[in-house]
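Here is how the chains run, residue by residue.
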Amino acid sequence: AEPVGLYNIGRSCCLNSLLQVFFMNTHFTGILRRITVPLRATQKRKNVPYQMLLLLEEMQCGKRKAVSPIAFACCLSVYRVKLFVQHDAAQLFLTLWNLTKKQVKKPELVEELSDLYIICVQEHLACQKCSFQTKMNSSMLTLPLPVLDSNSCMLKTLEDCLQSFFHPKELTDHNMCFCEQCGRKTPFLQSMKLVHLPQTLTIHLQRFSFEKSAYIYKLSHYLPFPQNLDFRAVLTEKQCQADDNEKAAWQYELFAVVAHSGSVSCGHYCAYIRSLTECKWYCFNDSEVCQVSWDDVRCTYGHSNLHWGETAYLLFYMKKHPQ
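Parameters and conventions
- Each chain has its residues counted from 1, running along the sequence as written.
- Per-residue local features are limited, in this predicted model, to residues with pLDDT of at least 70; the limit for side-chain atom pairs, both in listing and counting, is 80 or more; totals at the level of whole chains, interfaces and linings are taken over all residues.
- Remark: hydrogens and water are excluded; side-chain values derive from all non-hydrogen atoms of the structure.
- We count a stretch as a helix when DSSP gives it H or I for four or more residues in a row; a strand needs E for two or more, and each element gets its number in order from the N terminus.
- Taken over C-alpha atoms, the radius of gyration is set against a globule rule of 2.2 Å times the number of residues to the power 0.38.
- The buried label applies to any residue whose accessible area, calculated with a 1.4 Å probe on protein chains only, is under 20% of its type's maximum; exposed applies above 50%, and partly exposed to all values in between.
- Contacts are assigned to residue pairs that have any heavy atoms within 4.5 Å of one another.
- Here the open area of atoms and residues is found with the Shrake-Rupley method and a 1.4 Å probe, where only the protein chains shown may cover a residue.
- Any two rings among Phe, Tyr and Trp, with Trp reduced to its six-membered ring, count as a pair given centres within 6.5 Å; such a pair is stacked if its planes are under 30 degrees apart, edge-to-face if over 60, and tilted if neither.
- Pairing between strands is defined by DSSP: at least two bridges between the two strands are required.
- For helices, the fitted line uses only the C-alpha atoms of the stretch in contact; every axis is such a line through C-alpha atoms, and the angle between N-to-C directions lies from 0 to 180 degrees.
- Residue-level confidence of the predictor, termed pLDDT, takes values from 0 up to 100.
- For the domain bounds, the source is a domain assignment made automatically or taken from a database.
- Two parts placed together each lose some accessible area under a 1.4 Å probe, and adding up what both lose gives the buried area.
- One side-chain nitrogen of Lys or Arg within 4 Å of one carboxyl oxygen of Asp or Glu is enough to make a salt bridge.
- Polar contact is defined as a pair of N or O atoms within 3.5 Å, subject to the rule that within protein one atom must be able to donate a hydrogen and the other to accept it, and that residues adjacent in sequence are counted only when both atoms are side-chain atoms.
- Any angle that is under 35 degrees is reported as roughly parallel, and any over 145 degrees as roughly antiparallel; angles of 65 to 115 degrees are reported as roughly perpendicular and all others as oblique.
- Working rule for handedness: look at the near helix, and if it is turned counterclockwise from the far one by less than a right angle, call the crossing left-handed; if clockwise, right-handed.
- Any residue that is not Ala, Val, Leu, Ile, Met, Phe, Trp, Tyr, Cys, Pro, Asp, Glu, Lys or Arg is counted as polar, Gly included; the first ten are nonpolar and the last four charged.
- Each C-beta atom gives one direction from the helix axis, and the arc is the one those directions make.

Looking at an unreviewed UniProt entry, the protein chain carries the name UBP18 hydrolase, with the source organism given as Trogon melanurus.

Below you can see the structure in the form of structure tokens.
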């Protein structure tokens, strides 16, 4: 059966693209199919995972080329997710994931959801005046990668962006931290180490920049990303805080790209997704779904001169050899 589209019900391209990425992920739908169905009709209408499941089942009954996500969108509006406005895909992805995780009642499914998506990093802070150090583990749903280096120069590849994210940063001037040993604010060295990577890894390319002024602008420069990504080849020993067993599973293959075209205030999202069952690439553009080639996906690398052009914004990678 060919994949099914989702009608645009009024600026819902962002929601549609993200839903397709969730639905094409067979690991995610496997969890979704095992949720506890709410008893009352009022609960059913307000339950995000259940409404997601209903939409998935409607899409899979295979009678139509596209279905409407209106009931799901109405369910989201209960949780102050606005309808008919332009969303930011990274923020909406986090919102959808949090609502789903919160409303999936079975503890084992909550754990499976976390295993599927959660990244674990360890933050190290070292005072540059004395020997004081702290370490803290934290969980993230996405790796927010800068597309510019510390001197605001454009980074050339996805691997460079990853290196930049895990490169130690000096916290000086107004970024200084309070050191318990020195008893005052001092310069610190902050470094991130990678502890654990999930089955589905989400990378957020920070192409929307707030710097220079209050005006948000989009960085559309050329930034290639690979079909295959091996973290052991990208990061140094110092940037990892994991055993060999964990690292052996750090080999990924690109699964999906959520791409943005247009400007910050007036843009459009679509999703390129590789079917895990047939290994073919598809483009999901609201109600239109068509098969595409890897060359079509590569068109989302970006182009410096085309600010309206299509650029990858979220990348989803899938583990090649899950443990």
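(A) Here's a closer look at the overall build of the protein chain. Broken down by element type, the protein chain carries eleven helices and 18 strands. In terms of overall dimensions, the protein chain is globule-like: its C-alpha atoms have a radius of gyration of 21 Å, near the 20 Å expected for 323 residues. With the C-alpha coordinates of the protein chain rotated into their principal frame, the extents come out at 65 × 50 × 40 Å. Across the 323 residues of the protein chain, 51% fall into the buried class. Excluding contacts between residues fewer than 6 apart, the proportion of contacts in the protein chain whose partners are at least 24 apart in sequence is 67%. Carbon and sulfur atoms make up 53% of the accessible area of the protein chain, which totals about 16000 Å².

(B) Summary view of the packing of aromatic side chains. Taken as a whole and judged by the stated rule, the model has 16 aromatic pairs. Taking 5.7 Å as the distance between ring centres and 75 degrees as the angle between the ring planes, the aromatic pair formed by Tyr222 and Tyr301 counts as edge-to-face. Of this pair, Tyr222 sits in the loop between strand E12 (217-218) and strand E13 (228-230) while Tyr301 sits in the loop between helix H11 (294-298) and strand E18 (311-319), and the two are 79 residues apart along the sequence. According to the relative accessible area criterion, Tyr301 is buried, its value standing at 8%. Relative to Trp294, the ring of Phe225 lies with its centre 6.4 Å away and its plane at 80 degrees, an arrangement referred to as edge-to-face. Of this pair, Phe225 sits in the loop between E12 and E13 while Trp294 sits in helix H11, placing them 69 residues apart in sequence. You'll find Phe225 and Trp294 in the same group, each marked buried. An aromatic cluster is defined as three or more aromatic residues linked by ring pairs; in this entry it consists of Phe22, Phe28, Phe93, Trp97, Tyr117 and Phe316.

(C) Representation of the sheet that holds strand E9 (residues 188-196). Ordered in space as E4-E3-E9-E6, the four strands form an open sheet in which the pairing is antiparallel. Here the strands that pair on one side only, and so sit at the sheet edges, are strand E4 (133-140) and strand E6 (169-171). Shown here is a sheet whose adjacent strand axes are inclined to one another by a mean of 30 degrees, direction ignored.

(D) Spotlight on the confidence of the model for the protein chain. Looking at the protein chain, pLDDT values average 92 and 97% of them are 70 or higher. Summarising per-element confidence for the protein chain, the mean pLDDT is lowest in strand E11 (residues 208-209) (74) and highest in strand E16 (residues 281-285) (98).

(E) Structural context of the domain arrangement of the protein chain. The assigned domain composition of the protein chain is domain 1 (1-118) and domain 2 (142-173 + 200-322). Of note, the centres of domain 1 and domain 2, computed from C-alpha atoms alone, are 23 Å apart. Every contact between the two is made by 29 residues of domain 1 and, on the other side, 31 residues of domain 2. Between domain 1 and domain 2 the total buried area reaches about 2300 Å² when both faces are included, carbon and sulfur atoms providing 63% of it. For the domain 1 face of the interface with domain 2, the top three residues by lost area are Val21, Met24 and Gln86, together amounting to 24%. If you look at where domain 1 meets domain 2, you find one salt bridge. A salt bridge links Lys65 to Glu288; the shortest N-O distance between them is 3.4 Å. Where domain 1 meets domain 2, there are ten residue pairs in polar contact (both at pLDDT 80 or more). Of all the elements in the fold, those that place two or more residues in the side of domain 1 that touches domain 2 are strand E1 (5-6), helix H1 (13-23), helix H2 (26-32), helix H6 (89-103) and helix H7 (107-117).

(F) Just the side chain of Thr311, in detail. Structurally, Thr311 can be placed in strand E18. Judged by its relative accessible area of 2%, Thr311 is buried.

(G) Geometry of unusual backbone geometry. Here Arg80, not a glycine, exhibits a phi torsion of approximately 60 degrees, which is positive. Tracing the chain through its elements places Arg80 in the loop between helix H5 (70-77) and H6.

(H) Up close: the packing of H1 against H6. It is the contact of H1 with H6, at a shortest axis distance of 10 Å, that shows an interaxial angle of 55 degrees. Accordingly, the angle class assigned to the pair H1 and H6 is oblique. By crossing handedness, the relation of H1 to H6 is classed as right-handed. On H6, the residues that touch Cys14, Leu15, Leu18 and Phe22 of H1 are Ala89, Leu92, Phe93, Leu96 and Trp97. Classifying every residue of the contact of H1 with H6 gives nine nonpolar, no polar and no charged.

(I) Geometry of the pattern of salt bridges. Counting across every chain of the model gives seven salt bridges. The partner of Asp230 in a salt bridge is Arg232, with the nearest N and O atoms 3.1 Å apart. Overall, the relative accessible area of 39% leaves Arg232 in the partly exposed class.

(J) Quick peek at helix H8 (residues 158-165). Listed in full, the buried residues belonging to H8 are Leu158, Cys161, Leu162, Ser164 and Phe165. The buried residues of H8 occupy an angular sector of 160 degrees when the element is viewed end-on, so they sit on one face.

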